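If you want the building blocks of each chain, they are given just below.
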Amino acid sequence: MRSLISLQGLSIKTSSDGRSLTSDVNISLIEGEALGIVGESGSGKTLTALSILGLLPRGVEVASGEINFNGENLLSIDPERLRGIRGKEISMVYQDPMTALNPVMTVGNQLLEVLDCHNHDVKDPESHVKQSLIEVGIPDPDRALKSYPHEFSGGMRQRVVIAMSLLLSPKLLIADEPTTALDVTIQRQILSLVSRQRSRRQMSMLWITHDLGVVANLVDRVAVMYAGRIVEVGTTKQIFNSPQHPYTQGLLASLPVASSRSRNRLASIPGVPPKPWLVGQSCSFADRCQFAHKKCRESLPLLDARGTKSVACFYPIASSI
Amino acid sequence: MTLVIDNVIKKYPIRQSKSVVNALNGISLNISKGQTLGIVGESGCGKSTLARLIVGLESPTQGAITWRDNVLLRGSKNQWRNHLSPAQLVFQDPYSSLNPRQRIGECIKEVIVAHNLRQKEEIDSRVTELLKVVGMSEDMKNRYPHQLSGGQRQRVSIARALAAEPELLILDEPVSALDVSVRADVMNLLVDLRKEFGLTYLFISHDLSMVRHISDVIAVMYLGRVVELGTWDEVLDNPQHPYTKALIAAIPDHSQVGQMDLTVSLEGEVPSPTNIPLGCAFHVRCPIAVPNCSKMIPQLLPIKSSQSVACSEVVK
Ligand SMILES: Nc1ncnc2c1ncn2[C@@H]1O[C@H](COP(=O)(O)OP(=O)(O)OP(=O)(O)O)[C@@H](O)[C@H]1O
Ligand SMILES: Nc1ncnc2c1ncn2[C@@H]1O[C@H](COP(=O)(O)OP(=O)(O)OP(=O)(O)O)[C@@H](O)[C@H]1O
Ligand code: SF4
Ligand code: SF4
Ligand SMILES: [Mg+2]
Ligand SMILES: [Mg+2]
């Protein structure tokens, strides 16, 4: 099936000294599919997401690769066209909701402006906008429409941003840690809202999070990033039930199981991840890996496609299935 | 009993308006020495407010907080602080809770000096000792916060809190900002420290799996009140209040891939603390509410010796 979006060999580096931040990232999503991206802090999840929208921060740039969306290469597209796609066809929920909100404009006007800017045709914009706030569980939506962002708690701001991102029914929703600040009942409400949108409108999703419980229940496939590379990718079931990369396994082992009766010591992964640009020709996980051999320090393991699952490791953990 | 929170109310006036935020609406809780009380509840239900009141950063509008029979009355902030500094707070965010221009050693030393806990010549070795307690080496002393990882920074925050030699540690979302793999380290550290120093913890978190991991007793809060209280296994494995049930049903569980039913969630709007519904504050979202629920505020009543619930439909 043709993919809606595909990242091919995407590498990102710093502009000043060319330090590599991410390397050879390949991601592809078909219509209606949801992919979760998990991984260590600093592994390049946010940069990868921002590159899709052409919104990399100053000082960072794409070094090589391609980003194809619906047959257009977003990296070489006319900036005007990209602006049209951004917000309407691809929308993003950021880690920090304040970056998406205008502090001196009421929430109501900001939502209306989004409709306006993209010439979105709705019969009654006011009630459309109000409904969008009700759907994300904002108490007292009438008051909320007249309020400024600073009058909301962090969790409420995030809900406003989510409402805004769904307003134009995008084809692709990119969400970067969207529910971290929310408690589980509200989080569930948001997850159920985006899942409904997804099935109703065949929306695709790229969902970045540290919350593996959410990933396990929301997405179809999972990509695990470590030190700027995808080290394992597979269906959600495969990743959670039979992780093959030692890092993925360590990550899962460090979680307390929500329904477990045991309160044993939690397993942890000793050490810290290396700077991606210092890894060179070796496995970036080698210093922390209990299975590391000589080969792991001398050459770079690459993703190798085995059916729907692939793992960048010379000695992957045997699949239990 | 060590810490007694007795019917505490906290209201925040809103500037340029007559309304107030009812952050805490009559909270009563006890923590015994060496125990860990876990607090869970929706964002904005008053967890951090309670934390700030206990350490004396703010004072209650009404009610009393007692520590070993020392009543901390309104406005007793200074008394609290100069007193044995029994309670210390560890904040959620390891990035903003440390002064970026202060070396790690200095930031720990400052606390020891402020509380006058060591002779001048002993301070340096005490700093080393505290770093060791949280699993960090002496050479970290000269580093600045930005030179540390998130987990290391949170360790420094804990060392800093321990420097005041508290008996009670208030941990407000201590691991939420950390990487999954680092969280495990910090949680293990907290469990070890509790044992080693006989510390009493108040552990606040959104993450029920972390609360389950560390708590002896769990209090569930909803809009400034405790709606359920019991031992950790009672509350988590046999929840009785409809809100606790919804909360637990909503925990995303990574051990059951794709099993979570995303379509069920609590219906209804979340009320605002400036305008708390009459009667049971949960009645606008409660799946088992009866008409009487909007008339009477249910009290927290025991259903077993150790488990209490504030719901008139559960406790009849
Ligand atoms: N503007 C920038 N200039 C230089 N380096 C940057 C810049 N922004 C990010 N980086 C670096 O790029 C790497 C990847 O960052 P990124 O924000 O994508 O990580 P992440 O996986 O999203 O982490 P987290 O889980 O903490 O959000 C990090 O090492 C980060 O320090
Ligand atoms: N200084 C203040 N002035 C006005 N309102 C406040 C103040 N501090 C807190 N509040 C309000 O009091 C209520 C309780 O806030 P608190 O920070 O205790 O919630 P919380 O349970 O810790 O939430 P979270 O899980 O999001 O951290 C919220 O509605 C908040 O907006
Ligand atoms: S390649 Fe070697 S060091 Fe890297 S994860 Fe696999 S076994 Fe470990
Ligand atoms: S008192 Fe009524 S509204 Fe409140 S939790 Fe019980 S049944 Fe629900
Ligand atoms: Mg990020
Ligand atoms: Mg809080």
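Residues numbered from 1 in each chain as written. Chains lettered and ligands numbered in written order. Predicted model: local features only at pLDDT ≥ 70, side-chain atom pairs only at ≥ 80, totals over all residues. Heavy atoms only, no water.

Thoughts on the pattern of salt bridges
Throughout the structure, instances matching the rule amount to 25 salt bridges over all chains. Residues Arg-265 of chain A and Asp-192 of chain B are paired through a salt bridge, measuring 3.0 Å at the closest nitrogen-oxygen approach. Placement of the pair is Arg-265 of chain A in the loop between helix H10 (246-253) and helix H11 (294-298) and Asp-192 of chain B in helix H6 (residues 180-197), with the two residues belonging to separate chains. Judged by its relative accessible area of 54%, Arg-265 of chain A is exposed. (Salt bridge = Lys/Arg side-chain N within 4 Å of Asp/Glu carboxyl O. Helix = DSSP H or I, 4+ residues; strand = E, 2+ residues; numbered from the N terminus. Buried < 20%, exposed > 50% of the residue type's maximum accessible area, 1.4 Å probe, protein only.)

Some points on the packing of helix H3 (residues 107-117) of chain A against helix H4 (residues 125-135) of chain A
Helix-helix packing is described using two parameters, namely the angle between the two axes and the distance between the axes. All names here are of chain A. Look at H3 against H4: their axes get within 10 Å of each other, and the N-to-C directions meet at 115°. Regarding the angle of H3 to H4, the classification is roughly perpendicular. When the axes of H3 and H4 are compared, the crossing they make is right-handed. Facing Val-107, Gly-108, Leu-111, Leu-112 and Leu-115 of H3, the residues of H4 in contact are Pro-125, Glu-126, His-128, Val-129, Ser-132 and Leu-133. (Axes fitted to C-alpha atoms, helices over the stretch in contact; angles between N-to-C directions. Parallel < 35°, antiparallel > 145°, perpendicular 65-115°, else oblique. Left-handed = near helix turned anticlockwise from the far one by under 90°. Contact = heavy atoms within 4.5 Å.)

Overview of helix H4 (residues 123-133) of chain B
Residue and element names in this part refer to chain B. Of the residues making up H4, those classed as buried are Ile-123, Arg-126, Val-127, Thr-128, Leu-130 and Leu-131. Where the residues of H4 are buried, they touch helix H3 (104-114) and helix H5 (150-163). After H4 finishes, the residue Gly-135 shows a positive phi value of roughly 75°.

Remarks on the nonpolar core
The nonpolar side chains of a soluble globular protein tend to be buried with one another. Of all hydrophobic cores here, the largest spans 63 residues; its most connected members are Leu-133, Trp-207, Leu-218 and Phe-240 of chain A. The element best represented in this core is helix H6 (residues 154-166) of chain A, accounting for 7 residues. Apart from residues lying up to four places away in sequence, Leu-218 of chain A is in contact with Ala-34, Leu-191, Val-194, Ser-195, Arg-198, Met-205 and Trp-207 of chain A together with Leu-262 of chain B. If you look at the next biggest cluster of nonpolar residues, it comprises 61 residues, including Val-90, Ala-161, Leu-169 and Leu-178 of chain B. (Core = buried A, V, L, I, M, F, W, Y, C linked by side-chain atoms within 4.5 Å.)

Quick look at the domain arrangement of chain B
Residues and elements named next belong to chain B. Splitting chain B by domain gives domain 1 (3-86 + 166-315) and domain 2 (98-165). For domain 1 and domain 2, the distance between their C-alpha centroids amounts to 30 Å. Facing 15 residues of domain 1, the contacting portion of domain 2 comprises 12 residues. Interface of domain 1 and domain 2: buried area, both sides summed, is about 1100 Å²; carbon and sulfur atoms make up 73% of it. (Domains from an automatic or database assignment. Buried area = accessible area lost by both parts, 1.4 Å probe.)

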